[in-house]
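Chain residues, written in single-letter form:
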Amino acid sequence: MRALSLVCSLNASPTSSSSQLLAEQIMTELGDLGVQGEVVRVADFDVRPGVETDMGDGDQWPRLRERVLEADILVLATPIWLGHPSSVCQRVLERLDAELSETDDEGRMLTYDKVAAVAVVGNEDGAHKVSADLFQGLNDIGFSLAPGAVTYWVGEAQQGTDYQDLEKTPDAVRKTTRTLAVNAVHLARRLKDHPYPAG
């Protein structure tokens, strides 16, 4: 079983990122459950705007799309900016929109039988709103969501502490991350053994 986390930080590597840290913690939990995974920073790639699988002219989304389709579990990790997912995360959703017209031999979207989860970090409240936005988009595109499909951390309002600056991971975040991993793997394994029927 394979997992992929797309980190939607606005900054490319090697700039440190709280979204990257939380994504890596999810991958550690998934690894403990026997899932192979990788964390990819989307800003390291030239992902062109659009809603096609390949926008041409050097577009690097097709490389990321291939990894998405190889994965059984997709994690979108995003910071909160002005109460919304990052613009990088929105672009990923827009590019995934192309999957609505990509189907297998039975007419099912290629994302059927794949599980999605979300990781959100920020310094203000808004994690529920951001996860709701992403849940709707991911489900529209064909991904399934297990119970507890989000883990997040938000600091108190009007302060500047980042998740990556904490001395240790809060117990609530650690437990929520573990629940996300356990439930996502459980659902992904069930879907692998019993795929959704053709409509």
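Keep in mind that what you see is a predicted model, and the values were worked out from it rather than measured.

Our next topic: the overall build of the protein. The helix and strand tally for the protein stands at five helices and six strands. Taken against the 2.2 N^0.38 rule, which gives 16 Å for 199 residues, the C-alpha radius of gyration of the protein at 16 Å falls within 12% of a compact globule. Of all 199 residues assigned to the protein, the portion counted as buried reaches 45%. Within the structure as shown, the protein displays about 9,600 Å² of accessible surface, and the carbon and sulfur contribution to it stands at 47%. Averaging the coordinates of the 18 positive side-chain charges in the protein and doing the same for the 31 negative ones gives two points 5 Å apart.

On inspection of all chains with the given rule, the structure shows one cavity of 30 Å³ or more. In this structure, the largest cavity spans a volume of roughly 30 Å³. What lines the largest cavity is simply Arg2, Ala3, Leu4, Glu38, Arg67, Glu70 and Ala71. When residues of the lining of the largest cavity are assigned to their parent elements, the largest contribution, three residues, is made by strand S1 (residues 2-7). For the lining of the largest cavity, a count of residues per class yields three nonpolar, no polar and four charged.

Considering only enclosed or pocket space, the largest pocket measures out at about 390 Å³ in volume. As for the largest pocket, its lining consists of 20 residues, of which Pro79, Trp81, Val121, Asn123 and Asp162 are closest to the centre. At the level of elements, helix H1 (18-32), strand S3 (73-81) and strand S5 (115-122) are the ones that each hand at least two residues to the lining of the largest pocket. Element by element, the count of residues in the lining of the largest pocket is highest for S3, at three residues. For the lining of the largest pocket, a count of residues per class yields eight nonpolar, 10 polar and two charged.

How each quantity is defined
- Residues numbered from 1 in each chain as written.
- Predicted model: local features only at pLDDT ≥ 70, side-chain atom pairs only at ≥ 80, totals over all residues.
- Heavy atoms only, no water.
- Helix = DSSP H or I, 4+ residues; strand = E, 2+ residues; numbered from the N terminus.
- Rg over C-alpha atoms; globule rule 2.2 N^0.38 Å.
- Buried < 20%, exposed > 50% of the residue type's maximum accessible area, 1.4 Å probe, protein only.
- Areas by Shrake-Rupley, 256 points an atom, 1.4 Å probe, with all protein chains shown as cover.
- Lys, Arg positive; Asp, Glu negative; His and termini not counted.
- Charge placed at Lys NZ, Arg CZ, Asp CG, Glu CD.
- 1 Å grid on protein atoms, 1.4 Å probe; cavity = no way out; pocket = protein on both sides within 12 Å on 5 of 7 lines; lining within 4 Å.
- Points joined across faces, edges and corners; volume = space filled by probe spheres on them.
- Nonpolar A, V, L, I, M, F, W, Y, C, P; charged D, E, K, R; others polar.

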